[in-house]
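Letter by letter, the chains look like this.
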Amino acid sequence: MENLKTQIKGIIKALYDIDDTPVDFSEVPANIAGDYSTNIAMRLAKRVGKNPRQVAEEIIAKLGDEYVFMIAGPGFINVEVSAKKLQEKLASEFSENYGSNNSGEGKTAIVEFPSTNMAKPYSVGHLRPGTQGWATKKLLEANGWKVITDNHLGDTGTPFGVWVVGFLRSGKSLDEVTIYDLGQIYIDTKKALKEEAAEGKHELADQTQEWLQKLEAKDAQAVEYSERFNKISLDHIHNVMKRMSISTDLELGESFYAEPGKELVQKFLAEGKFEQNDDGSVICRLDEAGIDVPMLVLKSNGTALYATTDLACMFYRKEHYNPDLVVYCVGAEQKFYFEQLFAMGKKLGLTQENFHLWFGTIDIVNDEGKREKMSSRKGVVLLEAMLDDAEARVRKNFANSELSDEDIRRIATGAIKFSDFVADRKMGILYDPDKIFALTGFSGPFCQYADVRLRRIIEKNKDFVRVDFVDYDFVAEKDLLIQINKFPELVSGVVEKLELHKIAGYCFELAQALNRYYEKTPILQAEDKERSARLWLIEKADFVLSKALDLLGVEIPEKM
Ligand code: ARG
């Protein structure tokens, strides 16, 4: 369509001397003649003082005979593309890199995910950062970017203090404590801290601070606690990430940046870019950026804050990777924080583009029939528990299929990951297992199954000797050809705003087109020429569908 758009723009310029009007095409519904349609004639009519149908006629008269054009309704120009042309286009463009492009060549992005927190078990709260982050990496790579991924661990700040205080209160020994104990200890201690504060006391809160300061001062006992609990946490985080088939190149946590952060605070204080309050705390004013809440970059007691570590992190990345783009995959709650952080970066002279890739919550329908956040007051839902549950569901749904454990994992995680992309990421997700794991409808398993079927056909035909099919017309395949040909434009089109959900929408459309195709088109039983042509196309469909799913991190099972 891009070609045609350019052609029409040229015609409009020549006919009416207008060049400020974009030409867009949309797909035509199945019951109307043509494949694509544009309302450009209707939009120009008033300006050129003619009726829309007249304008449409004038434009069509200048167009070549590569496509069939017709005027529809009040002045739409509908275009019918030839199936054979679509096939020739695909044949000429197809390669092992089909769908990828090099628009990002020479550019570097850092994508930060899942950035889980130590001291707490991996909960569903960090599902979306991981899924969205992984897909962001894949999409940028498909567009030619060099991508470095970083798990920005939450390994410093209050959690450590809370954990030690709670651990000492729990009476557990350091050797027997598990990540789940740590999680519970954390919750209990947070509660105790809240209660204490409500009573106007601060004994536990003070202890928490003391442990933080001890850790910063490298006190031996604090370091031992920290190392032990870091190992427990890290082993756990890596296990869960492995189950989700996600990984990162780097794993530089907040604690890595605490010291350099404090040094930078001093440097920018000296340069007059930061200001010190009377209580000793340090702020960065952001008024120039229209943000009237300054960023607090150092506590009054001189300890580092979340923002202190992110300050150092920005400069570390600049120095070591000089990125053009940094994508932070973090929930919507931190929107304002990142606005401040990015404004601070700019004020301090950093020029890379920063992107806060935020998303809504994962919700469930509770017992009273109301929608609420999945990890709620009633307790944290662990990602491992969610994955176990997902695998149990898949096992049950496919009880007759003798699936391998690995395939069960692929289907279970595929379903969960895909559900992360069924709507714009800014929307909350309703976790509805009946839909997510269904083999029909807008689901991961539906798309996976469409691809497993393709592979089965290819496998069944592996000994078939193909014949020449240059004069095959591909009319029965037109719908499928239209879908497949859209892929490269999809990949280059969605990267600008990282609209990952559009990839899921595309997978679904392609899988539906495939289902319609199998229903009416024989392959195994077709004449040699048709069979060869159809297999050629089926292979392209498999390539595109599995690559599109791979962009979302969804793996294809061997059997289903
Ligand atoms: N660990 C944080 C959390 O779970 C997210 C870290 C986001 N990244 C950052 N550079 N601040 O809320």
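Residues numbered from 1 in each chain as written. Predicted model: local features only at pLDDT ≥ 70, side-chain atom pairs only at ≥ 80, totals over all residues. Heavy atoms only, no water.

## Overview of the overall build of the protein
Then step 1. Along its length, the protein carries 20 helices and 14 strands.
Then step 2. For the protein, the spread of C-alpha atoms along the three principal axes comes to 80 × 65 × 45 Å.
Then step 3. Out of the 560 residues belonging to the protein, those deemed buried represent 52%.
Then step 4. For the protein, contacts bridging at least 24 residues in sequence account for 73% of all contacts bridging at least 6.
Then step 5. Carbon and sulfur atoms make up 49% of the accessible area of the protein, which totals about 26300 Å².
Then step 6. Distance between charge centroids for the protein: 3 Å, based on 72 positive and 90 negative side chains. (Helix = DSSP H or I, 4+ residues; strand = E, 2+ residues; numbered from the N terminus. Buried < 20%, exposed > 50% of the residue type's maximum accessible area, 1.4 Å probe, protein only. Contact = heavy atoms within 4.5 Å. Areas by Shrake-Rupley, 256 points an atom, 1.4 Å probe, with all protein chains shown as cover. Lys, Arg positive; Asp, Glu negative; His and termini not counted. Charge placed at Lys NZ, Arg CZ, Asp CG, Glu CD.)

## Some remarks on the side chain of His-152
Then step 1. When you line up the elements, His-152 lands in the loop between strand S6 (146–150) and helix H6 (158–170).
Then step 2. When neighbours within four sequence positions are excluded, His-152 is seen to be in contact with Glu-112, Ser-115, Thr-116, Leu-252, Gly-253, Glu-254, Tyr-257, Asp-310, Cys-313 and Arg-317.

## Remarks on the site of the ligand
Then step 1. Looking at the ligand, the residues that line it are Glu-112, Ser-115, Asn-117, His-126, His-152, Tyr-306, Asp-310, Tyr-328, Val-330, Gln-334 and Phe-338.
Then step 2. Taking His-152, its side chain carries an N or O atom lying 3.5 Å from a nitrogen atom of the ligand.
Then step 3. In isolation the ligand offers 340 Å² of accessible surface; the protein chains occlude 90% of this area.
Then step 4. Each residue belonging to the shell around the ligand can be placed in one class, and the counts come to four nonpolar, five polar and two charged. (Near = heavy atom within 4 Å. Polar contact = N/O pair within 3.5 Å; in protein donor to acceptor, adjacent residues only side chain to side chain. Nonpolar A, V, L, I, M, F, W, Y, C, P; charged D, E, K, R; others polar.)

## Regarding the pattern of salt bridges
Then step 1. The tally for this structure, following the rule as stated, stands at 38 salt bridges.
Then step 2. The closest approach of N and O atoms between Glu-199 and Lys-201, which form a salt bridge, is 3.0 Å.
Then step 3. For Glu-199, a relative accessible area of 55% corresponds to the exposed category.
Then step 4. The partner of Arg-534 in a salt bridge is Glu-477, and the shortest N-O contact between them spans 3.0 Å. Highlighted residues: Arg-534 in helix H20 (residues 528–551) and Glu-477 in the loop between helix H16 (444–460) and helix H17 (478–485), separated in sequence by 57 residues. The pair formed by Arg-534 and Glu-477 is uniform in burial state, with each residue classed as buried.
Then step 5. Among the charged side chains, a network of salt bridges with common partners joins Glu-406, Asp-407, Arg-409, Arg-410 and Glu-555. (Salt bridge = Lys/Arg side-chain N within 4 Å of Asp/Glu carboxyl O.)

## Some points on the pairing of strand S11 (residues 353–357)
Then step 1. With four of its five residues buried, S11 lies for the most part within the structure.
Then step 2. With five bridges connecting them, strand S10 (residues 325–329) and S11 associate as parallel partners. Within the sheet, the bridge partner assigned to Cys-329 lies in S11 and is Leu-357.
Then step 3. Running through helix H12 (residues 335–347), the crossover from S10 to the neighbouring parallel element S11 is right-handed. (Pairing = 2+ DSSP bridges. Right-handed = clockwise from strand over helix to strand, strands pointing away.)

## Considerations on the sheet that holds S10
Then step 1. If you walk across this open sheet you meet the four strands as S6-S5-S10-S11, and the pairing is parallel. Because the sheet does not close on itself, it has two edges, and the strands there are S6 and S11. The mean inter-strand angle of the sheet, taken between neighbouring strand axes irrespective of direction, is 20 degrees.
Then step 2. Pairing geometry for strand S5 (residues 108–112) and S10, over four bridges, is parallel. The partner of Glu-112 across the bridge, within S10, is Tyr-328. (Axes fitted to C-alpha atoms, helices over the stretch in contact; angles between N-to-C directions.)

## A closer look at the environment of Ala-438
Then step 1. Within the element layout of this structure, Ala-438 appears in the loop between helix H15 (433–436) and H16.
Then step 2. Sequence spacing of Ala-438 and Val-394 is 44 residues, and the spatial spacing of their C-alpha atoms is 9.3 Å.
Then step 3. With sequence-adjacent residues up to four places away left out, Ala-438 is seen in contact with Pro-433, Ser-443, Pro-445 and Phe-446.

## Considerations on unusual backbone geometry
Then step 1. For the bond from Phe-113 to Pro-114, the omega torsion is -20 degrees, close enough to zero to count as cis.
Then step 2. Mapped onto the fold, Pro-114 is located in the loop between S5 and helix H5 (127–142).
Then step 3. Unusually for a residue other than glycine, Lys-218 sits at a positive phi of about 60 degrees.
Then step 4. Here Lys-218 is to be found in the loop between helix H8 (203–216) and helix H9 (220–243).
Then step 5. For Lys-218, a relative accessible area of 62% puts it in the exposed group.
Then step 6. Although it is not a glycine, Glu-402 sits at a positive phi angle of roughly 45 degrees.
Then step 7. Structurally, the position occupied by Glu-402 is in the loop between helix H13 (383–397) and helix H14 (405–419).

## Observations concerning helix H11 (residues 306–321)
Then step 1. Compared with an ideal rise of 1.5 Å per residue, which puts 16 residues at 22 Å, H11 spans 22 Å between its outermost C-alpha atoms and is within 8% of the ideal.
Then step 2. Taken together, the buried positions of H11 are occupied by Ala-307, Thr-308, Thr-309, Asp-310, Leu-311, Ala-312, Cys-313, Met-314, Phe-315 and Arg-317.
Then step 3. Considering only its buried residues, H11 is in contact with S5, S6, helix H10 (258–270), strand S9 (295–298), S10 and H12.
Then step 4. Looking one or two residues past H11, Asn-322 carries a phi angle of roughly 40 degrees, positive in sign. (Expected span 1.5 Å × (residues − 1).)

## Some details on the packing of H16 against H20
Between two packed helices, what matters for the description is the angle formed by their axes and the separation of those axes.
Then step 1. Packing of H16 against H20 brings their axes to within 9 Å, and their N-to-C directions diverge by 145 degrees. Like other packed secondary-structure pairs, H16 and H20 cross with a definite hand, here left-handed. For the pair H16 and H20, contact is made by Cys-447, Gln-448, Ala-450, Asp-451, Leu-454, Arg-455, Ile-457 and Ile-458 and by Leu-535, Ile-538, Glu-539, Ala-541, Asp-542, Leu-545, Ser-546 and Leu-549, respectively.
Then step 2. The residue inventory of the contact of H16 with H20, partitioned by class, reads ten nonpolar, two polar and four charged. (Left-handed = near helix turned anticlockwise from the far one by under 90°.)

## Let's talk about the side chain of Asn-151
Then step 1. Looking at the element boundaries, Asn-151 is found in the loop between S6 and H6.
Then step 2. A polar side-chain atom of Asn-151 sits 2.8 Å from the main-chain amide nitrogen of Ser-115.
Then step 3. Apart from the residues within four sequence positions on either side, Asn-151 is in contact with Phe-113, Pro-114, Ser-115, Thr-116, Ile-237, Met-241, Thr-248, Leu-250, Glu-251 and Leu-252.

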